Amino acid sequence: MINVAVLGASGYAGAEVVRILANHPQCRLKHLLAHSKKGKSFGEVFPFFGSLGEIEMEDTDSDEYLNDSDMVFLALPHGHSAAHVKKILAAGKKAVDLGADFRFRDASVYEAWYQEHPYKEICHDTVYGLPEIRRTAIQGQNFIANPGCYPTGATLALWPLLKEGLLVLDSIIVDSKSGISGAGRGLKEGSLYCESSESIKAYGVATHRHTPEIEQNYSEAAGEPVVINFTPHLTPMNRGILTTAYAKLNQKGLETDLTAVFQQYYGEEYFIRLLPQGQWPETKWVQGTNFVFLGFTVDVRTGRIIVSTAIDNLVKGAAGQAVQNMNLMWGFNETEALTMLPVFP
């Protein structure tokens, strides 16, 4: 049994970590921290959390959680994790950062798209925690950078094809549509009900900060630099991301059994569900779960492959993947506390 602290527990991703860990037999939720809710009980913020509601929320500026926590989840805005990570690692604790601060091996990329990095010396050696492509590297680590929600669905969509050298690299277009919870729990005009209901819109066009993260993953898979067009959209639903990736197949790709390729990479993966030809993933199928549904087809007329993935942005795109990483770090069963089925309808 390990003691767990969650920093940023009052946000959507932080609360989702708490929800999942409430059913983890190897974890004891010891500290829940949120600067804006300090002194309140967790039940005041989230009345539906039952007995966990008795835990008093602490200020994220306090370091007391380090005294008796074995594992720390950081569900903080970008730029806020680095200082905590330095102290956590110095104290000999394990941690998963759900934010963007350590996802880039090259800190200069982070600084180009986000802000100056306050702890760049560990970026290059930090393990990027997408278990389906990083499982061995994650096992036993003390610190993991959890992937972003959009990059999770986008990376898994094309990773096998890029690894096998089947795509024309300058032809890749990624289109994603996310639920509003992806914008976080803070008050933002564009996330208000009257602003977002009955509408769908593109945002961050050609400038979204997840673009370089997706490119980093694609480049690693391909073994050479890959530049893409990525366009996210805000969709009037609570949860979910539907990603559709388009790429032109090269001659090798046109001659390859692509179903066999996806089976080779994902056929034994518990959380990835490969769909038969003609069936396409829906966000309803993954609501509240850590699963990824993936479908594809080849447009013979254009020579392009079209791959779609559906994930829950708060689970596989954030908290669930973080717990999956924790399980690997501690040697627990990788699926522990993550086998929940979706809520439908």
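On a predicted model such as this, the values are computed, not experimentally measured, just so you know. (Residues numbered from 1 in each chain as written. Predicted model: local features only at pLDDT ≥ 70, side-chain atom pairs only at ≥ 80, totals over all residues. Heavy atoms only, no water.)

Asker: Any chance you could explain the overall build of the protein here in plain terms?
Answerer: When its secondary structure is counted, the protein shows 11 helices and 13 strands. Taken over the C-alpha trace, the protein has a radius of gyration of 20 Å; the compact-globule value for 345 residues is 20 Å, and the two agree within 12%. Projected onto its principal axes, the C-alpha positions of the protein cover 60 × 45 × 35 Å. In the protein, which comprises 345 residues, the share counted as buried stands at 55%. Pairs at least 24 apart in sequence give 71% of the contacts found in the protein among residues at least 6 apart. Carbon and sulfur atoms make up 50% of the accessible area of the protein, which amounts to about 14700 Å² in all. (Helix = DSSP H or I, 4+ residues; strand = E, 2+ residues; numbered from the N terminus. Rg over C-alpha atoms; globule rule 2.2 N^0.38 Å. Buried < 20%, exposed > 50% of the residue type's maximum accessible area, 1.4 Å probe, protein only. Contact = heavy atoms within 4.5 Å. Areas by Shrake-Rupley, 256 points an atom, 1.4 Å probe, with all protein chains shown as cover.)

Asker: What should I look at first to understand the packing of helix 6 (residues 149-163) against helix 8 (residues 211-222) in this one?
Answerer: The axes of two packed helices give the description: the angle between them and the distance between them. Look at helix 6 against helix 8: their axes get within 9 Å of each other, and the N-to-C directions meet at 20°. Of the possible angle classes, the one that applies to helix 6 and helix 8 is roughly parallel. Here the hand of the crossing between helix 6 and helix 8 comes out right-handed. Side by side, helix 6 and helix 8 meet where Pro151, Ala154, Thr155, Leu158, Trp159, Leu162 and Lys163 of the first sit next to Glu213, Ile214, Asn217, Tyr218, Glu220, Ala221 and Ala222 of the second. A per-class count over the contact of helix 6 with helix 8 returns 9 nonpolar, 2 polar and 3 charged. (Axes fitted to C-alpha atoms, helices over the stretch in contact; angles between N-to-C directions. Parallel < 35°, antiparallel > 145°, perpendicular 65-115°, else oblique. Left-handed = near helix turned anticlockwise from the far one by under 90°. Nonpolar A, V, L, I, M, F, W, Y, C, P; charged D, E, K, R; others polar.)

Asker: In this structure, what is going on with the side chain of His24? I would like to understand it.
Answerer: Topologically, His24 is positioned in the loop between helix 1 (12-21) and strand 2 (27-33). One polar contact links the side chain of His24 to the main-chain amide nitrogen of Gln26, over a distance of 3.1 Å. Residues contacting His24, with those up to four places away along its chain left out, are Val323, Met326, Asn327, Phe332, Glu336 and Ala337. (Polar contact = N/O pair within 3.5 Å; in protein donor to acceptor, adjacent residues only side chain to side chain.)

Asker: Help me understand the packing of aromatic side chains in this model?
Answerer: Aromatic ring pairs are described here by two measures, namely the spacing of the ring centres and the angle between the planes. Here the structure, examined in full by the defined rule, presents 17 aromatic pairs. Seen in terms of ring centroids, Phe271 and Phe291 are 5.8 Å apart; in terms of plane orientation they differ by 50°. Their pairing is tilted. Of this pair, Phe271 sits in the loop between helix 10 (258-266) and strand 11 (272-274) while Phe291 sits in the loop between strand 11 and strand 12 (292-299), and the two are 20 residues apart along the sequence. Note on accessibility: Phe271 and Phe291 belong to one class, buried. An aromatic cluster is present here, built from Phe42, Phe46, Phe48 and Phe49 joined pairwise through their rings. (Phe/Tyr/Trp six-rings, centres within 6.5 Å; stacked < 30°, edge-to-face > 60°.)

Asker: Could you clarify how one ought to interpret the packing of helix 6 against helix 10 in this entry?
Answerer: Interhelical geometry of helix 6 versus helix 10 gives an angle of 110° and a closest axis separation of 10 Å. Judged by the angle between their axes, helix 6 and helix 10 are roughly perpendicular. Touching Thr155, Leu156, Ala157, Trp159, Pro160, Leu161 and Lys163 of helix 6 are Leu258, Val261, Phe262, Tyr265 and Tyr266, all from helix 10. In terms of residue class, the contact of helix 6 with helix 10 is built from 10 nonpolar, 1 polar and 1 charged.

Asker: Looking at this structure, how should I read the nonpolar core?
Answerer: Counting residues in hydrophobic clusters, the biggest one holds 46 residues, and the most contacted among them are Val4, Leu21, Leu29, Phe73 and Met326. Put simply, the parts of the chain that give this core at least two residues each are strand 1 (2-7), helix 1, strand 2, helix 2 (42-45), strand 3 (71-74) and helix 11 (315-330). When residues in this core are grouped by element, the largest group, 8 residues, is from helix 11. Apart from residues no more than four positions distant in its own chain, Leu21 is found in contact with Val4, Cys27, Leu29, Phe73, Val323 and Met326. (Core = buried A, V, L, I, M, F, W, Y, C linked by side-chain atoms within 4.5 Å.)

Asker: Explain the pattern of salt bridges here, please?
Answerer: Close approach of charged atoms lets side chains of opposite charge pair. Per the stated rule, a full pass over the model turns up 13 salt bridges. Ionic pairing is found between Glu220 and Arg105, a salt bridge with its closest N-O pair at 3.5 Å. In this pair, Glu220 is assigned in helix 8 and Arg105 in the loop between strand 4 (94-97) and helix 4 (107-113), connecting sequence segments 115 residues apart. Looking at Arg105, the relative accessible area reads 30%, which means it is partly exposed. Take Glu220: its relative accessible area is 31%, and that puts it in the partly exposed class. Here the salt bridges do not stand alone but share partners, grouping Glu16, Arg19, Arg239 and Asp312 into one network. (Salt bridge = Lys/Arg side-chain N within 4 Å of Asp/Glu carboxyl O.)

Asker: Explanation requested: helix 8 in the structure shown.
Answerer: Residues spaced three or four apart along an α-helix face the same direction, because each turn holds 3.6 residues. End to end, helix 8 covers 16 Å across 12 residues, agreeing with the expected 16 Å (1.5 Å per residue, within 8%). Of all 12 residues in helix 8, 10 are buried, a share of seventy percent or more. Among the residues of helix 8, Thr211, Pro212, Glu213, Ile214, Glu215, Gln216, Asn217, Tyr218, Ser219 and Ala221 are the ones counted as buried. Residues of helix 8 that are buried in the fold lie against helix 4, strand 5 (127-128), helix 6, strand 7 (173-178) and strand 9 (229-234). A positive backbone phi angle near 80° is found at Gly223, which sits one or two residues after helix 8. (Expected span 1.5 Å × (residues − 1).)

Asker: In this structure, what is going on with the sheet that holds strand 7? I would like to understand it.
Answerer: Strands pair in a sheet through their backbones, by hydrogen bonds, and they do so in one of two ways: parallel or antiparallel. A sheet is described by the order of its strands in space; here 7 strands give the open sequence 8-9-7-10-13-12-11, paired in mixed fashion. Every other strand in the sheet has two partners, leaving strand 8 (201-202) and strand 11 as the edge strands with one partner each. In this sheet, strand 12 lies alongside strand 11 in parallel orientation, the contact comprising 3 bridges. Within strand 12, the position partnered with Ile272 by the bridge is Val292. Sitting on the sheet, helix 6 touches strand 7, strand 9, strand 10 (241-248), strand 11, strand 12 and strand 13 (304-311), and the angle it makes with strand 13 is about 140°. (Pairing = 2+ DSSP bridges.)

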